[in-house]
Amino acid sequence: MTTTEDFTHDELMEVNAARALAGARTCFVGIGLPSTAANLARNTVNPKLVLIYESGTIGSKPTRLPLSIGDGELAETADAVVPVPEMFNYWLQGGRIDVGFLGAAQVDRFANINTTVVERGPGKPEGRLPGAGGAPEIASNCGKVLMVLRHSTRNFVRKLDFVTTLGHGSGPGDRKELGMPGAGPVAVITDLGILRPDPATAELVLTELHPGVTVEQVRAATGWELKTADTVGVTEPPTAAELAALRALKAAGRDQA
Amino acid sequence: MTTTEDFTHDELMEVNAARALAGARTCFVGIGLPSTAANLARNTVNPKLVLIYESGTIGSKPTRLPLSIGDGELAETADAVVPVPEMFNYWLQGGRIDVGFLGAAQVDRFANINTTVVERGPGKPEGRLPGAGGAPEIASNCGKVLMVLRHSTRNFVRKLDFVTTLGHGSGPGDRKELGMPGAGPVAVITDLGILRPDPATAELVLTELHPGVTVEQVRAATGWELKTADTVGVTEPPTAAELAALRALKAAGRDQA
Amino acid sequence: MADIRSLHDAVADLVHDGDTLAMEGFTHLIPYAAAHEIIRQDITDLTLARMTPDVIYDQLIGAGLVKKLIFSWGGNPGVGSLHRFRDAVENGWPRPLELDEHSHAGMANRYVAGASRLPFAVLRGYRGSDLATRTDTVSSVTCPFTGEELAAVAALNPDVTVIHAQQADRDGNVQLWGLTGVQKEAALAAGRVLVTVEEIVDELTPRPGGVVLPTWVIDACAVVPGGAHPSYASGYTVRDNAFYQAWDPIARDRDAFTQWLDTNVRTEGAAVR
Amino acid sequence: MADIRSLHDAVADLVHDGDTLAMEGFTHLIPYAAAHEIIRQDITDLTLARMTPDVIYDQLIGAGLVKKLIFSWGGNPGVGSLHRFRDAVENGWPRPLELDEHSHAGMANRYVAGASRLPFAVLRGYRGSDLATRTDTVSSVTCPFTGEELAAVAALNPDVTVIHAQQADRDGNVQLWGLTGVQKEAALAAGRVLVTVEEIVDELTPRPGGVVLPTWVIDACAVVPGGAHPSYASGYTVRDNAFYQAWDPIARDRDAFTQWLDTNVRTEGAAVR
C-alpha cells in the first residue's frame, strides 16, 4: 500500500470518515464534514454509495463538494428528486436509509448532540446555534449513525447545554425504550481518532488513534474522563489515492465559490 | 332561443346536470353521468370549468367522454397530475374544490347515499354494490354537492340499506355537528326533474320538472312521500347547441370502445 | 436490489400462499400479467389489497385464490359490476370472501401510513358513514391542539406489492409516468416489491410526472411487454376498453369465466417467458 | 385566480403588518426579491416561517420587521452562522425575536397538515430531544390501533406564502422544477399566495420534476427575473455562492449590515418595477 506522510489532521478525519461508509448502501448526508466524507467514499471505498440529501435528492453524484444541501448539481445528478416532506416521511422515517452522517456542535459521552444553544457563562446570553435541521429524526431512523467533528473540549463536553438530538441517551436501552428504530451512533470520527460506544455502557470510548496521536492528546481534548478500549488501534494512514481523491474534491469545491 | 322537441329524458337529465355547473370553478367528477355532465358543461355553460378526477388529474380537457376515471386522455390533457393520496389530502380535504358531482345507487330524502349493499328480501343475500370510492369525502369536503341519477323507487328509497355517504343526515344541523366543511347536496338532478333540500328541513323537495313531466310521475318514482316546493318550475328545454354538444360528446365516447 | 428475473421465477419467489398482496395501478399500469402468473402458480389464501379491485381482482377472486379483500371501490370502471367479486361476496362462490372496506381517501392514507412506517394516518373522513361500523381498521384520534376528533386509519403494509411500470434500467431502477396513482406508497409500504416493466432501457430519462423507484427498494423486475393489458401503459399501449366491456358477459357466468381462465390464463402458452 | 401584477402592488396587497409569512425554497428558488420589497415597504411585526431561514430571513430580521421565527435550521448554508438572527436572539437587536423551533421533519409535516387542512400531523419524531420542551406546537397522540405514542405537530397555516418559480403562463398557472422543497405544501397551507417568476410563457410545458400550481390557488404572480438571487432558479440562474460567503462579514457587523441594506435594498433604484 502506498502511503504518504504529507497529510493534515483534518484529512485523517475526512479519510477515516469516508472509510466508515464502506459497505453502506444508502447514506443521509449532512452538509459540511459529513458531505465531504460521503463524497470521498463515493470516489474511493464505496463507488455505489447512494447519497441522500435532505433537500430531496436521492442518488446524487456531484463532481465537486456542494456548498449547500441544495446545490443545483445535487438535483441534476440525482436518480430521483422528491418533495421534502416525502423525503422525511417515506424515505427517512420509512427506514430506507442505512447510515445517517451527522456533524455536531457539542457531543457528550453518550453521543447525544447539541446544535441548538450553548451557555456562555454568567451574565451572558445563551449562544445561538443553527438548530436541529434533520438531525433528530436522522439519528432516530437511520440504520446507524456516524458522526464527524473536530476534537476539542468545546465540542466534547461533560454535559450538553441542550439535547437537540438523542444519541444513546443516558446509556444502553434508552433508545429502545423510546422506540427508536435505528442503532444510533456507532462511531465518532475526529481529527485525533475514533470513539465508539462501549457495547456494555453505550459510553463513547477511544478505540482508534490516528497515526502520531497519543491517548493523552485525545483525553486533553475531551471534556469528560475519556475511557479507552482494551486495545486502542491506530488507523491506517491515508493512501495516496485517498488523499488525491480528497484534494481533488476540495479543489473542485473551491472552484464554485 | 332555438329549442327542439327531439330529446330524451336522459338528455334532459344530462343537460340540466351540466347547467348546474354554471359559475363553478372546480368540479370533482365522478365517472358515468357526472362525467357526462361535467364534460358537457365544459363544452357549453362553463368552458373554463376545471375538471378534477380522483385518478389524480387536475384540469383535464378530454375531447371525448372517458370510459373510466383513469383514461389516458384525462392525464394527457391535464394541467397537473398528482399522486392519488395528494389528490385526496391536499386538494379534496384541503377544501380546494367547489363542486363534487356524484351518482348514487340509492338516495334517501335527506340526500344520503348508499353505494355499498342493498337488501334483496328475506332469504336472499345482500346485493353487493361497488362501494364508497371517493364519495364520503367528496360529499364532506367539496363546497357543495350535485347529484345526478335516474328517478325510480329503486333508487329513491324511504330508508337506505346502508349509509355510504352522508348527505344531510337526518336533517339540518347534522353536517355542522359532524364538522363537515361543505354545504352538502344542493340539487339532485334526475331524468324527471330536480329535487333540492328544503332550507328549513334539509329534506329533498321537488323544485323543477322537466318539460312534459308531471308531479305525479315524479311522486310515483320516489320511494317516500315527496313534497314539492311552493312553486314547482319547469326546466328550460335543451337548446340545439346543448343537444349537439351532448350528442357529439357521446358519439366521440363510443368511438373509443 | 432488484434482480431482473423471469416473471415466473419472480412470482414464485416473492408471492406466497397466505400473503397480503397489493397490486396497484389506478386504471393505468395494472399488473395483469403478474396476476395471471399468480393464477397459473395457484398461489392461494391471499388477502388482496387494492383501491379499485377492477377486473384484475375479479379474475383472482373467481380463480378461488382470495380469502379477503381490502378495497374502496369494486367495479368494472365505466362498465358495471365485478361479477366474480359479487358472486364471491353474495354466494360464497368459489369461496367466501371477507371484506375490509374503506373510502378512497382512507385507503390512500392507509398506504401513506404504511410507506411512512407509521401505525396509522389521520384524515377528516368517514363522517356520518356506516363504513366504519364494518371494519376494525378505522378508529378515531383527538387533535391534541384543537380537540377535534378525526378519523384514524390503520397502516396498510402488504407482504408484497406488485406494480407495472414503463421502464427499468439494467440495475433495476424503475420509472413510471402518467397516472401514477398510489403505486409509490404501495411499493414503499410493502415487505417485498415486484415490478413488471414494458422494457429495459440503458438509462432512465427523467420524464414529466415520472415516479422513480430506486433499485434498492425493489426485489425483482420482470420484463413483460403489454403486461398491463387490458389496462394500459402510457407511451406504450392504449386501454383496451372493448375488453373491459367484453368482460361483463364473461364474468356474469361461472362457466364462461372458468372457460375463459382455462383458455387465456391457465394454459402453458399463456405464460410469459 | 392569480393576477399578473407588479411586485410592488402584489406585496402591498397581500402582505400585511402582523402577518404570519412563509417564504419557502430549500436553497433553490428562494424569493429574495419579494423579501426586499417587503423591506422597502417596511411591513412589520411579522411572524416568519421557514424550514431554513437562510440569508433571506437574516435580512428581514436585521431590518427589524420580525417578531417571531418558526423554523428548524437557521444558518448560512455552507458558510456559518446567520449573524443578524443570532444578534436578535442573543441581544435583542434590533428587537427581540421569539422562536418556535422544530426539526425539519416536524416543520415539513406542519406544512403537510396545513395543506391538508388538518389540525395536526403525526410523525415518529422529537424522541429524546429537548426541542419539544420549548414549544407548544409539539404534542403527542396515541395510536388507536397499536398504543404507540407518536409526536403530533400543529398545522402551520401561514396568512401568506411567497415563493419563487421559473414560469407562469398568462392565466397565472405556475410551474417550478428542480429542488421543489416544501413549496407546494407551504402554498396550499396559506391563506394568500404570491409567486414571483422568472418569466411568463405562452404555455407551460410539463417538466421532469415539475410542480404545477394552478392559477386558482394563487392570488398574484409577479415577473421578477433573477428574483431568487443569491439563490438560484434551475435553468435560469446559478447559485451565487460568493454572495453567501460575502454575506458573513456584512452580517457580522450591525453598521455594515445597515449600510448594505440602505445601499442595496432600501433605495428607489433597487426596486423591481
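Residues numbered from 1 in each chain as written. Chains lettered and ligands numbered in written order. Predicted model: local features only at pLDDT ≥ 70, side-chain atom pairs only at ≥ 80, totals over all residues. Heavy atoms only, no water.

J.: I'd like a rundown of the overall build of chain C, residues and numbers included.
T.: Along its length, chain C carries eight helices and 15 strands. Its C-alpha atoms give chain C principal-axis dimensions of about 60 × 45 × 30 Å. Within chain C, counting contacts between residues at least 6 apart in sequence, those at least 24 apart form 75% of the total. Summed over all atoms, the accessible surface of chain C reaches about 8300 Å², with 45% contributed by carbon and sulfur. Positive and negative charge centroids in chain C, built from 22 and 35 side chains respectively, lie 3 Å apart. (Helix = DSSP H or I, 4+ residues; strand = E, 2+ residues; numbered from the N terminus. Contact = heavy atoms within 4.5 Å. Areas by Shrake-Rupley, 256 points an atom, 1.4 Å probe, with all protein chains shown as cover. Lys, Arg positive; Asp, Glu negative; His and termini not counted. Charge placed at Lys NZ, Arg CZ, Asp CG, Glu CD.)

J.: Explain the interface of chain D and chain A residue by residue, including any values.
T.: Facing 45 residues of chain D, the contacting portion of chain A comprises 44 residues. The junction of chain D with chain A conceals about 3600 Å² of combined surface from both sides, 57% of it contributed by carbon and sulfur atoms. When residues of chain D are sorted by the area they lose upon contact with chain A, Arg124(D), Arg127(D) and Leu179(D) head the list and together hold 17% of the total. Scanning the region where chain D abuts chain A turns up three salt bridges. Glu90(D) is the salt-bridge partner of Arg120(A), the closest N and O atoms lying 3.0 Å from each other. Counting across the interface, chain D meets chain A through 20 residue pairs in polar contact (both at pLDDT 80 or more). Of the residues contributing to the side of chain D that touches chain A, the split by class is 18 nonpolar, 18 polar and nine charged. (Buried area = accessible area lost by both parts, 1.4 Å probe. Salt bridge = Lys/Arg side-chain N within 4 Å of Asp/Glu carboxyl O. Polar contact = N/O pair within 3.5 Å; in protein donor to acceptor, adjacent residues only side chain to side chain. Nonpolar A, V, L, I, M, F, W, Y, C, P; charged D, E, K, R; others polar.)

J.: If you had to explain the pattern of salt bridges to someone new, which residues and values would you point to?
T.: Close approach of charged atoms allows side chains with opposite charge to pair. Summed over all chains, the structure comprises 58 salt bridges over all chains. Of the charged contacts, one joins Glu101(D) and Arg128(A) as a salt bridge, the two residues approaching to 2.4 Å between their closest N and O atoms. Here the residue Glu101(D) occupies a position in strand β7 (residues 98-101), and Arg128(A) occupies one in strand β9 (residues 127-128), the pair thus bridging two chains. When its relative accessible area of 7% is taken as the criterion, Glu101(D) is described as buried. Here Arg84(D) and Asp87(D) are joined by a salt bridge, their closest N and O atoms 2.8 Å apart. In this pair, Arg84(D) and Asp87(D) both sit in helix α4 (residues 83-91), three residues apart, roughly one turn of the helix. Under the relative-accessibility criterion, Arg84(D) is labelled buried at 2%. Through salt bridges with shared partners, a single network forms among Arg109(A), Arg158(A), Glu203(A), Glu225(A) and Lys227(A). (Buried < 20%, exposed > 50% of the residue type's maximum accessible area, 1.4 Å probe, protein only.)

J.: Before we move on, could you go through the pairing of strand β11 (residues 160-169) of chain C and cite the residues and values that matter?
T.: Residue and element names in this part refer to chain C. With 10 of 10 residues buried, β11 is to be regarded as a mostly interior element. Across three bridges, the pairing between strand β2 (residues 20-23) and β11 is parallel. Within β11, the position partnered with Ala22 by the bridge is Thr161. Where β11 lies against strand β13 (residues 192-201), nine bridges are found, and the strand directions are parallel. (Pairing = 2+ DSSP bridges.)

J.: Now, about the interface of chain C and chain A: what can you tell me, with residues and values included?
T.: Taken together, the contact between chain C and chain A spans 16 residues of the former and 16 residues of the latter. The largest contributions to the chain C side of the interface with chain A come from Ser116(C), Leu188(C) and Trp216(C), which together make up 42% of the buried area. Connecting chain C to chain A are one salt bridge. Across the pair Lys184(C) and Glu86(A) runs a salt bridge whose closest N-O atoms are separated by 2.6 Å. In this structure, the connection of chain C to chain A is made through four residue pairs in polar contact (both at pLDDT 80 or more). Broken down by secondary-structure element, the contributors of at least two residues to the side of chain C that touches chain A are α5 (104-115) and α6 (183-189) of chain C. For the side of chain C that touches chain A, the leading source of residues is α6(C), giving four residues. When its residues are assigned to classes, the side of chain C that touches chain A shows 11 nonpolar, one polar and four charged.

J.: Would you mind going over the sheet that holds strand β5 (residues 99-102) of chain B in detail, with residue names and values included?
T.: All names here are of chain B. On the basis of which strands lie adjacent, the open sheet formed by 10 strands has the order β4-β3-β2-β1-β5-β10-β11-β12-β13-β14 and mixed pairing. Of all the strands in the sheet, the pair left with one neighbour each is β4 (80-81) and β14 (227-234). The sheet contact formed by strand β10 (residues 144-148) and strand β11 (residues 185-189) spans four bridges and is parallel. Along β11, the bridge assignment pairs Val145 with Pro185. Sheet strands touched by helix α1 (residues 9-19): β5, β10, β11 and β12 (193-197). Its angle to β11, the strand with the most contacts, is close to 155°. Set on the sheet, helix α2 (residues 33-43) makes contact with β1 (26-29), β2 (50-53), β3 (57-60), β5 and β10; between it and β2 the angle comes to about 160°. (Axes fitted to C-alpha atoms, helices over the stretch in contact; angles between N-to-C directions.)

J.: How would you sum up the state of the cysteines? Please name residues and give values.
T.: What the rule picks out here adds up to zero disulfides over all chains. The structure places no disulfide on Cys143(C), whose sulfur is separated from the nearest cysteine sulfur, that of Cys143(D), by 16 Å. A residue is classified by how much of its surface remains accessible, and Cys143(C), at 3% relative accessible area, is buried. (Disulfide = S-S within 2.5 Å.)

J.: Help me get a handle on helix α2 (residues 32-40) of chain C, residues and values and all.
T.: Residues and elements named next belong to chain C. Within α2, eight of the nine residues are buried, which leaves the element mostly enclosed by the surrounding structure. Of all the positions in α2, only Tyr32, Ala33, Ala34, Ala35, His36, Glu37, Ile38 and Ile39 are classed as buried. Phi turns positive one or two residues past the end of α2, at Asp42, with a value near 55°.

J.: Can you tell me about the confidence of the model for chain C, naming the residues and giving the values?
T.: Do not read the fine detail of predicted coordinates wherever pLDDT is low. Mean pLDDT over chain C stands at 96; residues scoring 70 or higher make up 99%. Model confidence for the complex: the whole-complex pTM is 0.97, and ipTM, which rates the interface, is 0.97. (pLDDT = per-residue confidence, 0-100.)

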